Amino acid sequence: MPGTPAAATSWPPPPASTPPPSRSSRRSPDRTSPLFPTRYRKEHHRMATIGILGAGRVGTTLASKLSEAGHHVILGRRSPTEKTTAAAEGTGTRVSFADQRTTARTADIVINATPGDSALDRLASLRTELAGKILIDVSNATRDAGDGLPGDLCYPGSSLAEQLQAALPDTHVVKTLNTMLFMVMTAPETLATSPTVYVSGNDEHAKTTVAGLLGDLGWQPAWIEDLGDITTARATEAMILVVPHILRRHGFEPFAVSLAR
């Protein structure tokens, strides 16, 4: 779950000595599952310029995988002079850097990978740059519980995604990838059981486009669960409340909050 200490995906990855989960029990993906709308069963889509706001662990992880898939990626830093991390430097030749306003203006599709507790003000100031574009929100807005893990929701009874959609009426906000640790976002196949990635948004075309990008990140069609309009994002954002309890008991082993059938 993306962000800084207020969001789970920014937390450190498991130690190098931690063995990867077994893959022997994984089910074979069902590409014709009736649970996955026909409109998402599309093997190819055009390459895009993707802007990622936030150059931390979440942003750089997404940038590397999307650039490998053939997209040009712009990593948007808070300022042109912000220090580039070692992880950001290793994201590939298709990745460039800019300030966040330039990133939002230049990109075809924008991903919000900034801390969820401060994202609303930051993105609301980019209303002109984001007009007419798809904004993929992967952050969770929570308050720090005091130990670096997420605590209470910033928008109880609502969600960051809903707040962003209200503040950016000319932008198509799609919520996804916020129910897992950041390393799972680009490597869902490493989990021992088939994971679920949830999608919420008002615009069907935007969700179809996002589903194509999820495919580039390694998500099989049968693993994508379209929950409906943007108000359904409050359900997935609330899933963050279970995460700190899991991490305190089991550490930073990769996992996703998934749907079992």
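Above this text sits the structure in question.
Residues numbered from 1 in each chain as written. Predicted model: local features only at pLDDT ≥ 70, side-chain atom pairs only at ≥ 80, totals over all residues. Heavy atoms only, no water.

A. Focus on the overall build of the protein chain. Secondary structure summary: the protein chain contains 10 helices and 10 strands in total. Scored against the burial criterion, the 261 residues of the protein chain give a buried share of 51%. Pairs at least 24 apart in sequence give 73% of the contacts found in the protein chain among residues at least 6 apart. For the protein chain, the computed accessible surface area is about 11400 Å², with 53% contributed by carbon and sulfur atoms. (Helix = DSSP H or I, 4+ residues; strand = E, 2+ residues; numbered from the N terminus. Buried < 20%, exposed > 50% of the residue type's maximum accessible area, 1.4 Å probe, protein only. Contact = heavy atoms within 4.5 Å. Areas by Shrake-Rupley, 256 points an atom, 1.4 Å probe, with all protein chains shown as cover.)

B. Inspection of the nonpolar core at higher detail. With 44 residues, the main nonpolar core has I52, L177, L214 and W219 as its most contacted residues. Element by element, the count of residues in this core is highest for helix α8 (residues 204-216), at 5 residues. Residue contacts for W219: discarding those within four places in its chain leaves L177, M180, V184, M185, P188, P195, T196, V197, L214 and I224. Ranked by size, the runner-up nonpolar core spans 19 residues in total, among them L130, L168, I230 and A233. (Core = buried A, V, L, I, M, F, W, Y, C linked by side-chain atoms within 4.5 Å.)

C. Up close: the sheet that holds strand β9 (residues 197-201). Strand order across the open sheet formed by 8 strands is β3-β2-β1-β4-β5-β8-β9-β10, with mixed pairing between neighbours. For this open sheet the edge positions go to β3 (95-99) and β10 (224-228), each flanked by a neighbour on one side alone. The sheet shows a mean angle of 25 degrees between the axes of neighbouring strands, taken without regard to direction. Direction of pairing for strand β8 (residues 172-175) relative to β9: antiparallel, over a ladder of 2 bridges. When the bridges of β9 are listed, K175 appears paired with S200. Sheet strands in contact with helix α1 (residues 57-68) are β1 (49-53), β2 (72-77), β3 and β4 (109-112), and its direction is about 165 degrees off that of β2. (Pairing = 2+ DSSP bridges. Axes fitted to C-alpha atoms, helices over the stretch in contact; angles between N-to-C directions.)

D. Representation of the environment of P169 within the structure. Following the sequence through the fold, P169 ends up in the loop between α6 (160-167) and β8. Judged by its relative accessible area of 45%, P169 is partly exposed. Taking C-alpha positions, P169 is 9.2 Å from G132, a pair spaced 37 residues apart along the chain.

E. Local environment of the pattern of salt bridges. Throughout the structure, instances matching the rule amount to 8 salt bridges. Across the salt bridge formed by R101 and E129, the nearest N and O atoms sit 3.1 Å from each other. In this pair, R101 is assigned in helix α3 (residues 100-106) and E129 in helix α5 (residues 127-130), connecting sequence segments 28 residues apart. R101 sits in the partly exposed class, given a relative accessible area of 36%. A relative accessible area of 14% means that E129 is categorised as buried. We note a salt bridge from D137 to K175, for which the minimum N-O separation is 2.6 Å. With D137 in strand β5 (residues 134-137) and K175 in strand β8, this pair connects stretches of sequence that are 38 residues apart. Grouping residues by exposure puts D137 and K175 together as buried. (Salt bridge = Lys/Arg side-chain N within 4 Å of Asp/Glu carboxyl O.)

F. View of unusual backbone geometry. Unusually for a residue other than glycine, L177 sits at a positive phi of about 65 degrees. With respect to the helices, strands and loops of the structure, L177 is situated in the loop between β8 and α7 (182-185).

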